[in-house]
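# Architecture and fold: a report
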Amino acid sequence: LQPEQTWHVRMCERRGNAIAVRPKRVGSPEFLDAVRRILTDPAIRAAADDVQQEYQGAEGAAASARIIESVL
């Protein structure tokens, strides 16, 4: 993963809407347990719903472009 992807996963995990699993662990029992928990844990679902509502209507790509243009 790129550094910003790792950071993003960590931030999502802190918010409670993700479980970080190292890429080398994909396919392991740890990974499968994380997937099962993501699909069944109501607290994770609620956190994901909160994030979805907060980002609703956000135009991330346009906002990023404005920031980049202002710096250049």
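What counts, and where the lines are drawn
- Residues numbered from 1 in each chain as written.
- Predicted model: local features only at pLDDT ≥ 70, side-chain atom pairs only at ≥ 80, totals over all residues.
- Heavy atoms only, no water.
- Helix = DSSP H or I, 4+ residues; strand = E, 2+ residues; numbered from the N terminus.
- Contact = heavy atoms within 4.5 Å.
- Expected span 1.5 Å × (residues − 1).
- Buried < 20%, exposed > 50% of the residue type's maximum accessible area, 1.4 Å probe, protein only.
- Arc of directions from axis to C-beta.
- Polar contact = N/O pair within 3.5 Å; in protein donor to acceptor, adjacent residues only side chain to side chain.
- pLDDT = per-residue confidence, 0-100.
- Salt bridge = Lys/Arg side-chain N within 4 Å of Asp/Glu carboxyl O.
- Patch = residues over 30% accessible without salt bridge, like charges linked within 9 Å, V, L, I, M, F, W, Y side chains within 5 Å.
- Areas by Shrake-Rupley, 256 points an atom, 1.4 Å probe, with all protein chains shown as cover.

## Overview of the side chain of Asn 17
Topologically, Asn 17 is positioned in the loop between helix H1 (3–15) and helix H2 (29–40). Once you skip the residues sitting within four places of it in the chain, Asn 17 turns out to touch Cys 12, Ile 38, Ile 44, Ala 47, Ala 48 and Val 51.

## Some points on H1
The end-to-end C-alpha distance of H1 is 19 Å, a good match for the 18 Å that 13 residues give at a rise of 1.5 Å each. Gly 16 sits one or two positions beyond H1 and adopts a positive phi of about 90°.

## Here's the deal with helix H3 (residues 42–55)
With 14 residues, H3 extends 20 Å from end C-alpha to end C-alpha; this agrees with the ideal 20 Å at 1.5 Å per step. Looking at H3, one finds that the buried residues are Ile 44, Ala 47 and Val 51. Taken down its axis, H3 places every buried residue within 65° of arc, on the same side. Exposed residues pointing more than 90 degrees away from the buried face of H3 are listed as Pro 42, Arg 45, Gln 52 and Gln 53. If you follow the buried residues of H3, they end up packed against H1 and H2. The N-cap residue of H3 is Asp 41: its side-chain oxygen and the backbone nitrogen of Ala 43 are 2.8 Å apart. Downstream of H3 by a residue or two, Gly 57 has a phi angle that is positive, lying close to 85°.

## Concerning the confidence of the model for the protein chain
In this model, the protein chain carries an average pLDDT of 94, and 100% of its residues clear a pLDDT of 70 or more. Helix H4 (residues 60–71) is the least confidently modelled element of the protein chain, averaging 92 in pLDDT, while H2 averages 96, the highest of any element.

## A look at the pattern of salt bridges
In the structure shown here, the tally under the stated rule is five salt bridges. Here Arg 25 ties to Glu 30 by a salt bridge, and the two come within 2.9 Å at their closest N and O atoms. On the accessibility criterion, Glu 30 (37% relative accessible area) is partly exposed.

## Considering a nonpolar patch on the surface
A cluster of nonpolar side chains, namely Val 35, Ile 38 and Leu 39, defines an oily patch on the protein surface of about 260 Å² accessible area. Among the structural elements, Ile 38 can be located in helix H2. For Ile 38, a relative accessible area of 32% translates into the label partly exposed.

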